Amino acid sequence: MKGDYVRKKNFYHRHIGPSCNEINSMLKELQYSSINNFVNQTVPKQIRFKKKLNLPNSISEYQYLNHIYRISKKNKTYRSYIGLGYKNTITPSVIQRNILENPSWYTPYTPYQSEISQGRLEALINFQTMISDLTGMKISNASMLDESTAAADAMFMIYKEKIKKRKIDNNYHFFISDEILPQTFAVLKTRCFGLGIHIIKDSHRDLKKKYNNKKIFGLIISYPSSLGEIYDYTETIQYAKCHNISVIVATDLLSLSLLKPPGEWGADVVIGSSQSFGVPMGYGGPHAAFFSTHEQYKRFLPGRIIGISVDRKNKKAFRMALQTREQHIKREKATSNICTAQVLPAIMASMYALYHGKQGLIEIAKCIHEYAKKLEFLLINNINHHLFQVNTFYFDTLRIKTDFISKIKKVSERKKTNFRYVNKNHLTITLDETTCQEDINHILSIFYEAYNHQNKKTYKKIKYHTNIHDKYRFPSFLERTSNFLEHKVFHKYHSENEIIRYIKRLEKKDISLIHSMIPLGSCTMKLNASSELFSLSQHEWKNVHPFVPEKQAMGYHFVIRKLKKYLKEITGFSGVSLQPNSGAQGEYAGLMVIKHYHHSLQEHKRNIALIPSSSHGTNPASANMAGMKVILINTTSNGSINQDDLLKKVKENKDLLSVLMITYPSTYGIYEKNIQEIINIIHENGGQVYMDGANMNAQVGLIKPAYLGVDVCHLNLHKTFAIPHGGGGPGMGPICVASHLKPFLPNHPFQKKNKKDEKILTISSSPYGSSLILTISYAYIRLLGPYGLRKCTEISVLNANYIKKKLMKFYNILYVGENNTVAHELIIDCRIFKSTNIGVIDIAKRMMDYGYHAPTISFPVEGCMMIEPTESESKEELDRFIETLISIRQEIKEIEDEKFSKENNVLKNAPHSIDILTQNEWKYPYSREKAAYPLYWIKERKFWPSVNRVDDGYGDRNLKCTCV
């Protein structure tokens, strides 16, 4: 009994950083007698949830690993030839072991601080080079969320660019080919509904014939189509160019190693998924979508662009280019709400290309295509009764017309094989990298049995001869003749020895949670426990196609069902959708649910989103994407929402009010005690209340958003619920809603629909977003249980208040709550150092010399730092971080005392790379030791930035986003 008790305790003690003694020590420092007394003084009593969460008790890591293994066996990994944007692939073991399963790669944050992110940035510029080369376009970004949302963002980009340049008006239409992926059409339809964009869906061959009199600003086509056909789009492109119609092409990345790239035949934007480049299907994700275009769109381009710049010593350095496009900065004027991208899957895909190289990709593509040709020949010649292959030209997908669909389906299910059944007379078979002769024989056996059973006859098997067909089953003028992947980086790492050394060289250039605390406010960089991540590499979890019948994914549905139940209990809401695959997508989904709700009440004019300046920085961009007009609400001097300003703007817009977007606790780091009164004002005037869940780590177990009166909130599973940030993605942003909004939750074309309510709201490519990583949050909740979850919240708030108490003698704490406390994060004001010529960016760069990633500096208050320690950091680590900021304050004091000049000092010159420290001549007015080892403990744990301070302006003025 005692041993079982110890095992159950283990995870709580391993996840939460401070020991019991350290917790008591911090409480004593803050002058509280107990954690309960501290919480009562910090969280407003009127909104406290007093009961225990109704969740399963915690289990040990050993028990959990056995539990999740048993659940995995409920998934049936049949052989899938479904296609539809998802394929079986082979993840090279060296990439799986050294990137996917490596905390140095999956625990860093988005590379905003480029000097300590050079490894990821280099891997991402390899990704961009790969995409630009394969698609034939000049510029690409560092990945999108999935193929469908990439298509929607492409449409929005060309729409906004043409609207801004007054080339079109609101009466223009967007043309959608009827052969794009069904899920992509559904996402486009949702996005167009929100923005008021008119849609035409038809065959691309009818564009000129039927719609010559229509105003069309853009169109999207597939190459190959969702049914596998490769079309010659020459006439379509010519017509589009003559009528100022921008062309978006959704394509298969691997096929472009054989096919003429869209950039060479007239595409304006090329999008798709890099999933087939070694990233498992994972029942729908996470996968890195790609987005490439012409340079004219570079300031409209959604997502992130990695560029090449130089540091102060003129050494090449990578950085996130054109950051002024970011949604935190442009707010309601942003052209996308991409916050979490898909950095980790993008890096895996780029390494896949490096490992195989140009010739390897060509051989893989040729092998797939050859097997497709072989299968076609054998099917047609061995089974020539009521069976036709419809696609004239194809790469990897055969479209079979047959009268025997029901028989084929019955036999294939018994033989554990999935095809795509298009209708009662057509099916498709999509081959992939894993296809071998045994698979061809297996597919043939299914057709033999289906036909033989019907016709009571045996067919004579005809052998396949390679000289029967031409080289490729597509026209010679669509064969690729241009080079790609010619840069030396794609020629050097084809052996495991070399690529693992390259991966490790890059790894050493990045700071992550393995090095030190990452104190980013609003980002919650907590422990991502190893036990939570094991399922990501397990065969039964990673190799399930997202569109298999539900009975083949019962393990996934068990986790999905339980996770929904747990999230409803934690938030108090009655409905949950797991479809949004990022926090920003969750924001968008929540707003679209509200929009549909208003429309159901015939209140179509409600389109005003009120957003306090204390809300999360992505909120205005998401409202913009949902077609809403943003009105900002002021805050008071103590950081609370200004109720007078709120009332004024509510009354001015009463008939148009759609939603109030709040963040709770606010991004200013305080629990507002009047939050329920604010919510009531909105409800009394016909509006809904959306809560951004970025700060949910200060609520779990203490507050239920639904009990505050909130109507919808999203949750950042990659923050509060332990999914790793992955160097900038993946993430998950499910939404939770009150009962009256449940009928408007997202649906999906491959999901069972409620016949009474055919919803059109689809947010992402797969029904449950990035399903594979949902197992992480499920593990987090099961391992901690109700007591552990509440304890995490309590300790995260305690850690923040401990930092506040220690720093308040040295820095101005910008906002505090009623009892002089903060929530789980705090803001220090760095604007007071303006007289010394020291800005917040100088402090951020100097922190790198101490081995720390800077806190959040881009929002919510310019010139300030927002600090969030999380519950996973020990008191010892908190003390090191505090000592760092105090030491930097003393360095600023030396400038104030004129010991060092305002232009030449240890902060202005930070960070100090090893190149600087080892140069023969030392020209600085301080010692090398002060530059490199300002505190005694740094020598034991020194992290060396690989470059000096990067010149941001140079990179923007000379934009280069591919390998030079």
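Residues numbered from 1 in each chain as written. Predicted model: local features only at pLDDT ≥ 70, side-chain atom pairs only at ≥ 80, totals over all residues. Heavy atoms only, no water.

Once that is clear, we can look at the packing of helix α22 (residues 643-652) against helix α23 (residues 675-684). Interaxial distance between α22 and α23 falls to 11 Å at its minimum, and their mutual angle equals 10 degrees. On the basis of their axis angle, the class for α22 and α23 is roughly parallel. Residues Gln-643, Leu-646, Leu-647 and Val-650 of α22 pack against Glu-677, Ile-678, Ile-681 and Ile-682 of α23. Residue composition of the contact of α22 with α23, grouped by class: 6 nonpolar, 1 polar and 1 charged. (Axes fitted to C-alpha atoms, helices over the stretch in contact; angles between N-to-C directions. Helix = DSSP H or I, 4+ residues; strand = E, 2+ residues; numbered from the N terminus. Parallel < 35°, antiparallel > 145°, perpendicular 65-115°, else oblique. Contact = heavy atoms within 4.5 Å. Nonpolar A, V, L, I, M, F, W, Y, C, P; charged D, E, K, R; others polar.)

The next subject is a positive patch on the surface. Taken together, the side chains of Lys-74, Lys-76, Lys-416 and Arg-561 define a basic patch exposed on the protein surface. Structurally, the position occupied by Arg-561 is in helix α19 (residues 554-571). (Patch = residues over 30% accessible without salt bridge, like charges linked within 9 Å, V, L, I, M, F, W, Y side chains within 5 Å. Areas by Shrake-Rupley, 256 points an atom, 1.4 Å probe, with all protein chains shown as cover. Salt bridge = Lys/Arg side-chain N within 4 Å of Asp/Glu carboxyl O. Lys, Arg positive; Asp, Glu negative; His and termini not counted. Charge placed at Lys NZ, Arg CZ, Asp CG, Glu CD.)

An order of β16-β22-β21-β20-β19-β17-β18 is seen for the 7 strands of this open sheet, with the pairing classed as mixed. Two strands in the sheet have a free side with no partner beyond their single neighbour: β16 (575-577) and β18 (629-633). Between one strand and the next, the sheet's axes are offset by a mean angle of 20 degrees, whatever the strand orientation. In the sheet, strand β17 (residues 608-612) pairs with β18 via 5 bridges, with the strands oriented parallel. Its bridge partner lying in β18, Ile-611 is registered against Leu-632. Along the sheet, α23 makes contact with β17, β19 (657-663) and β20 (688-692), crossing β20 at roughly 140 degrees. (Pairing = 2+ DSSP bridges.)

For the rest of this paragraph, the subject is the confidence of the model for the protein chain. Regions with low pLDDT should not have their predicted coordinates read in detail. Residues at a pLDDT of 70 or more form 95% of the protein chain, whose mean pLDDT is 93. In the model, residues 1-8 has pLDDT below 50 throughout and makes 5 contacts with residues more than four positions away in sequence or in other chains. (pLDDT = per-residue confidence, 0-100.)

A few words on the sheet that holds strand β6 (residues 246-252). Judged by pairing direction, the sheet is mixed, and its 7 strands sit side by side in the order β2-β8-β7-β6-β5-β3-β4 without closing on themselves. If you trace the sheet from one side to the other, it starts and ends with β2 (139-140) and β4 (198-202), each paired once. Bridge analysis of β6 against strand β7 (residues 269-273) gives 5 bridges, and the strand direction is parallel. In the sheet register, Asp-252 faces β7, and the bridge partner there is Ser-273. Against the sheet, helix α9 (residues 182-195) touches β3 (173-177), β4 and β5 (216-223), its axis set at about 160 degrees to β4.

Let's shift gears to the packing of aromatic side chains. Inspection of the entire model under this criterion finds 35 aromatic pairs. Plain terms: the ring middles of Phe-404 and Tyr-451 are 4.1 Å apart, the flat faces sit at 20 degrees to each other, and that makes the pair stacked. Within this pair, whereas Phe-404 is found in the loop between β12 (397-402) and α14 (405-414), its partner Tyr-451 is found in helix α15 (residues 437-455), the two being separated by 47 residues in sequence. Note on Phe-404: relative accessible area 6%, which makes it buried. Ring geometry for Tyr-597 versus Phe-744: centroids 6.1 Å apart, planes at 75 degrees, classification edge-to-face. (Phe/Tyr/Trp six-rings, centres within 6.5 Å; stacked < 30°, edge-to-face > 60°. Buried < 20%, exposed > 50% of the residue type's maximum accessible area, 1.4 Å probe, protein only.)

The rolling of a water-molecule-sized probe over the atoms marks out the regions of remaining empty space. Applying the stated rule across the entire model yields 6 cavities of 30 Å³ or more. The calculated volume of the largest cavity comes to roughly 390 Å³. What lines the largest cavity is a set of 30 residues, among which Gly-85, Lys-87, Leu-181, Pro-224 and Asp-252 lie closest to the centre. For the lining of the largest cavity, the secondary structure elements donating two or more residues are β5, β6, β7 and β15 (426-430). If one sorts the elements of the lining of the largest cavity by residue count, β6 sits on top with 3 residues. Across the lining of the largest cavity, the residue classes tally to 11 nonpolar, 14 polar and 5 charged. In this structure, the second largest cavity occupies an estimated 100 Å³ of space. Considering the residues around the second largest cavity, the lining is formed by 16 residues, among which Tyr-86, Asp-146, Glu-147, His-287 and Ser-765 are closest to the centre. Tallied by class, the residues present in the lining of the second largest cavity amount to 5 nonpolar, 9 polar and 2 charged. (1 Å grid on protein atoms, 1.4 Å probe; cavity = no way out; pocket = protein on both sides within 12 Å on 5 of 7 lines; lining within 4 Å. Points joined across faces, edges and corners; volume = space filled by probe spheres on them.)

Structurally, the position occupied by His-557 is in helix α19. Discounting residues that sit within four places of it in the chain, His-557 has contacts with Tyr-283, Glu-550 and Tyr-768.

A separate point is helix α8 (residues 147-164). In a regular helix each residue adds 1.5 Å, so 18 residues correspond to 26 Å; α8 covers 26 Å between its end C-alpha atoms and thus fits that length. Taking burial as the measure, the 18 residues of α8 include 15 buried ones, the bulk of the element. In this structure Asp-146 caps α8, since a side-chain oxygen of it lies 3.2 Å from the backbone nitrogen of Ser-148. Positive phi appears at Arg-166, one or two residues downstream of α8, with a value of about 55 degrees. (Expected span 1.5 Å × (residues − 1). Polar contact = N/O pair within 3.5 Å; in protein donor to acceptor, adjacent residues only side chain to side chain.)

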